[in-house]
Amino acid sequence: MLEKLEVPIIQGGMGVGVSLSNLAGHVMLEGGMGVISAAHPGYNYPDFEKNSTVVNRQALKDHAQKAREISQGKGMLAVNIMVASRDYEGLVKASVEAGYDAIISGAGLPLSLPEYTKGSDILLAPIVSSGKAIKLILKSWDSHYQKTCDFVVIEGYKAGGHLGFKLKDLQNQTCEELEDILPQVKKEVEIYEKKYNKEIPIFVAGGIYTGKDIAHFMKLGAAGVQMGTRFIATEECDAHPRFKEMLIEANEENIVIVKSPTGFPGRAVLNNYMKQVMQSENQKITNCLGCLKPCNPANTPYCISRALIEAVQGKEENGLFFTGVNGYRLDRILTVKELINELVEEMRKELICA
C-alpha cells in the first residue's frame, strides 16, 4: 500500500487538534501521508467533557471521513496513537473501524498493537529512537503474533512534543544523531525483511526541515521522512492562527525542553505559562480527563490535555505549544501544496546531483 505515496513525506501526528482532517487531507491530496493525532481529536465536540473516551473514538472516525473527502483518493491516511494513552486499545480498534491505512504508534513500546488489529490489513508502524527499541518490538511481534511491522519511524532528539530520550542526555547534548540510529535500526529490520520476505521502509523524523535534509537521509538509506513542525505553519493546519504565529515569533533560545506529566521530556515554546509551570510545584487536578497512563492527577506538574487544548485554540496565556528544534526557523505561512512542492523540488535537485 505504501506505493500510493507519491512523495516520501509523512506529516507528523500532532495533538491536541493540531493535525486533524484538514491538514491530513491536504497532505494526502499532494501525494503524502496525512496523519491525524488520536490525542483528543474530539476536544471541541459538545460532549467531550462528559465522555471524552467515546467522543474521541467517534472523532477519529469523523475526521478520517473528512480527510478522505478532501484528498480525492490520493495519498495515504494514518493515525498517530500514543501507547501511553489510557484508551490505547479502544483508539486502535476505532481506527481500524474507521478505515485508516496505517497506525503509527510511539510514546512507549507498542508491544500489543498487533493484538488489537487482528483480522485487519491496516499497516503498523512503531516509532522508535534506538536500535534496541526496534529489536525488542519486532522480536515480540514475531514471537507472539507471527507478524512484523510494515514500516518504521525513527524519531530523533530534535523532534517536537514528547521525546524518547533521557532528560540528562538531552540536557547534556549527548543523544545519538539520526545518522547513527538509522543504521542500527536498519540492521534489526533487515532480519525480519528476510524472514517475512517483505520490504520494511524506514522513515526518519526530528529536525527535518528542508528538501536537502530529506535527500540527505534518503542517500543514507531512509525511504523518506516524517515532518511535523513545517506543517504547523500552513494555512490548512487545524490549529488556531495564533498557534502558528507563536512559532513564527519564536527565537532559538525560547524553544526548550519542558517537563510533561507523561514522564517523557518534551520540546515546546517557553512562553510565560511554561515558565510558571517549570518553576512551580506539582498541581492537583480535580477535573481529570483520564488521558495518559503515567499521569497521576493527584500530583502532576500540570494538566497537559488542558494546556494543549488552550494552545490549539490560540490561548497563549495557558497553552503548551509543542514544536521541533527548528520551530524558530518558520517565517511565513504557506499552503500545504506550496510547502510540499518546495520540499520535493529541492529534494530532487539534491538527489540528481548526488
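Residues numbered from 1 in each chain as written. Predicted model: local features only at pLDDT ≥ 70, side-chain atom pairs only at ≥ 80, totals over all residues. Heavy atoms only, no water.

Participant: Would you mind showing me how to read the side chain of H63 here?
Facilitator: As for its placement among the helices and strands, H63 is situated in helix α2 (residues 52-71). Owing to a relative accessible area of 8%, H63 belongs among the buried residues under this scheme. Discounting residues that sit within four places of it in the chain, H63 has contacts with L20, S21, I36, P41 and Y45. (Helix = DSSP H or I, 4+ residues; strand = E, 2+ residues; numbered from the N terminus. Buried < 20%, exposed > 50% of the residue type's maximum accessible area, 1.4 Å probe, protein only. Contact = heavy atoms within 4.5 Å.)

Participant: How should the packing of α2 against helix α3 (residues 88-98) be read in this particular structure?
Facilitator: Two numbers describe a pair of packed helices, the interaxial angle and the distance between the axes. At a closest axis distance of 9 Å, the pairing of α2 and α3 adopts a crossing angle of 30 degrees. The pairing of α2 with α3 is recorded here as roughly parallel in orientation. Handedness of the crossing formed by α2 with α3: right-handed. Here N56, R57, L60, K61 and A64 of α2 come into contact with α3, specifically with G90, L91, A94, S95, E97 and A98. Class assignment for the residues of the contact of α2 with α3 results in 5 nonpolar, 3 polar and 3 charged. (Axes fitted to C-alpha atoms, helices over the stretch in contact; angles between N-to-C directions. Parallel < 35°, antiparallel > 145°, perpendicular 65-115°, else oblique. Left-handed = near helix turned anticlockwise from the far one by under 90°. Nonpolar A, V, L, I, M, F, W, Y, C, P; charged D, E, K, R; others polar.)

Participant: It is not clear to me how the layout of surface pockets should be interpreted in this structure. Could you clarify?
Facilitator: A water-sized probe rolled over the atoms picks out the places where empty space is left. In this structure, the second largest pocket occupies an estimated 350 Å³ of space. Lining the second largest pocket are 15 residues, and of these Y157, L170, Q173, R267 and V325 lie nearest its centre. Counting only elements with at least two residues in the lining of the second largest pocket, the list comes to α6 (167-172) and β10 (255-258). Tallied by class, the residues present in the lining of the second largest pocket amount to 8 nonpolar, 3 polar and 4 charged. (1 Å grid on protein atoms, 1.4 Å probe; cavity = no way out; pocket = protein on both sides within 12 Å on 5 of 7 lines; lining within 4 Å. Points joined across faces, edges and corners; volume = space filled by probe spheres on them.)

Participant: Help me out: how do you make sense of helix α1 (residues 21-29) in this one?
Facilitator: Owing to its 3.6 residues per turn, the α-helix brings residues three or four apart onto one side. Taken together, the buried positions of α1 are S21, L23, A24, G25, V27 and M28. Close packing links the buried residues of α1 with β1 (9-11), β2 (33-37), α2, β3 (76-82), α9 (229-232) and α13 (336-353).

Participant: Can you walk me through the sheet that holds strand β11 (residues 266-269) in this structure?
Facilitator: Picture the strands of a sheet paired through backbone hydrogen bonds; they go either parallel or antiparallel. The sheet built from 3 strands is open, its strands ordered β7-β11-β10 with antiparallel pairing. Two strands in the sheet have a free side with no partner beyond their single neighbour: β7 (161-162) and β10. (Pairing = 2+ DSSP bridges.)

Participant: Explain the pairing of β3 here, please?
Facilitator: Residues in a regular strand point their side chains to alternate faces of the sheet. Counting buried residues in β3 gives 6 out of 7 residues, a clear majority hidden from the surface. In terms of strand pairing, β2 meets β3 through 5 bridges, oriented parallel. Bridge assignment links S37 to a residue of β3, and that residue is N80. For the crossover from β2 across α2 to β3, the handedness is right-handed. Two strands pair when backbone bridges link them, and β3 and strand β4 (residues 102-106) are joined in this way by 5 bridges, in the parallel orientation. Looking at the pairing, V79 lines up with I103 of β4. With α3 bridging β3 and the parallel β4, this β-α-β connection has right-handed handedness. (Right-handed = clockwise from strand over helix to strand, strands pointing away.)

Participant: For this particular structure, what's the right way to read the nonpolar core?
Facilitator: Within the largest apolar cluster, 96 residues are counted, with the highest numbers of intra-cluster contacts made by I9, V152, I154, V185, V204, F231 and L320. Within the second largest apolar cluster, 16 residues are counted, among which are L5, I104, V153 and A205. (Core = buried A, V, L, I, M, F, W, Y, C linked by side-chain atoms within 4.5 Å.)

Participant: Just checking my understanding: could you explain unusual backbone geometry for this structure?
Facilitator: Peptide bonds are, in most cases, trans, and in most cases residues other than glycine have a negative phi. Backbone torsion omega between G15 and V16 reads -5 degrees, so that peptide bond is classified as cis. Looking at the secondary structure, you find V16 in the loop between β1 and α1. Positive phi is not limited to glycine here, since A107 has a value of about 55 degrees. Here A107 shows up in the loop between β4 and α4 (113-116). Assessed through its relative accessible area of 26%, A107 is described here as partly exposed. Backbone geometry at Q173 places phi at a positive 55 degrees, although glycine is not the residue there. Examined against the element boundaries, Q173 turns out to sit in the loop between α6 and α7 (178-196).

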